[in-house]
Amino acid sequence: AQKVTQAQTEISVVEKEDVTLDCVYETRDTTYYLFWYKQPPSGELVFLIRRNSFDEQNEISGRYSWNFQKSTSSFNFTITASQVVDSAVYFCALKAGANSKLTFGKGITLSVRP
Amino acid sequence: DTAVSQTPKYLVTQMGNDKSIKCEQNLGHDTMYWYKQDSKKFLKIMFSYNNKELIINETVPNRFSPKSPDKAHLNLHINSLELGDSAVYFCASSRDRLYNEQFFGPGTRLTVL
């Protein structure tokens, strides 16, 4: 069985603050992939990143960074210097096992106030 | 140049009706999916097809029937619509059934009155 927990449900920050979105996953598979998706108010789902279980290097893309720690089964997402356009629901997801389904967390609603 | 497209974007209908949602991807992907997103934003997979073959069939009422005429298309037909079917339905595709990221369509907001 696989599970993704996003314990934070709603986060509100003021523009330019840094914010970290937490994601904890559970799986017994040794091969798995983790994903983050963004769903802005317009409703579409936008792929942000994919990370495999064998690569624990952190990833940085502009103001976005991801911290993958197998020891704590976490794949956290940090937005630096947040902007109003970052306001969205962010989903963490897990695929463990080649023929398994993609399991999503419940999502975190991020509101960035001007 | 839309990668994954769905029609219609909005669908409002009466209880008991039958409706279809169409999905097409032009990415050359082998695998396609249908997801349901409820009012609390929870995303759950319904079906997945790989090269026109059904590979994932979650616990979904048999009023829902997917059809994949070719690997670029995956349609969803819903019979005898119920109030609880109101949701946003997303189509998605991925290069294959393994670990590649999925790309989502814009969603179809279904409202059953």
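Residues numbered from 1 in each chain as written. Chains lettered and ligands numbered in written order. Predicted model: local features only at pLDDT ≥ 70, side-chain atom pairs only at ≥ 80, totals over all residues. Heavy atoms only, no water.

As for the overall build of chain B
Worth spelling out the cut-off: The helix and strand labels rest on DSSP assignments: H or I over at least four residues marks a helix, E over at least two residues marks a strand, and numbering proceeds from the N terminus. Any residue under 20% of the maximum accessible area for its type is buried, any over 50% is exposed, and the rest in between are partly exposed; the area is computed with a 1.4 Å probe on protein chains only. Two residues form a contact once any of their heavy atoms are found within 4.5 Å.
The helix and strand tally for chain B stands at zero helices and 11 strands. Traced from its N-terminal end to its C-terminal end, chain B shows the element sequence β-β-β-β-β-β-β-β-β-β-β. A principal-axis box enclosing the C-alpha atoms of chain B has dimensions of 35 × 30 × 25 Å. Counting every position in chain B, which comprises 113 residues, the buried fraction comes to 44%. Contacts in chain B between residues far apart in sequence, at least 24 positions, make up 54% of those at least 6 positions apart.

Some details on the overall build of chain A
Inclusion rule: Radius of gyration: over C-alpha atoms. The globule rule applied is 2.2 Å multiplied by the number of residues raised to the 0.38 power. To be clear on the numbers: accessible area is Shrake-Rupley with a 1.4 Å probe, and residue cover counts the displayed protein chains and nothing else. Charged residues are defined narrowly, with Lys and Arg counted positive, Asp and Glu counted negative, and His plus the chain ends left uncounted. One atom stands in for each charge, and that atom is NZ of Lys, CZ of Arg, CG of Asp or CD of Glu.
Counting its secondary structure elements, chain A contains zero helices and 12 strands. Reading the secondary structure of chain A in the N-to-C direction produces β-β-β-β-β-β-β-β-β-β-β-β. Against the globule reference of 13 Å for 114 residues, chain A gives a C-alpha radius of gyration of 14 Å, in line with a compact fold. Each principal axis of the C-alpha atoms in chain A carries an extent, and together these give about 45 × 25 × 20 Å. By the burial criterion, 47% of the 114 residues in chain A qualify as buried. Pairs at least 24 residues apart make up 56% of the contacts formed inside chain A by residues separated by at least 6 positions. For chain A, the accessible area works out to roughly 5500 Å², and carbon and sulfur atoms hold 48% of it. Counting 12 positive and 12 negative side-chain charges, chain A places the averaged centre of each group 6 Å from the other.

Quick word on the environment of B:Lys71
Residue and element names in this part refer to chain B. Applied cut-off: Residues adjacent in sequence count toward polar contacts only when both atoms are side-chain atoms; beyond that, a polar contact is any pair of N or O atoms within 3.5 Å, and within protein one must be able to donate a hydrogen and the other to accept it.
Within the fold, lysine 71 resides in the loop between β7 (64-70) and β8 (73-78). If we ignore the near neighbours within four places in the chain, the residues touching lysine 71 are Gln25, Gly28, His29, Asp30, Met32, Asn51 and Lys52. A polar contact of 2.7 Å, which involves the side chain of lysine 71, links it to the side chain of aspartate 30.

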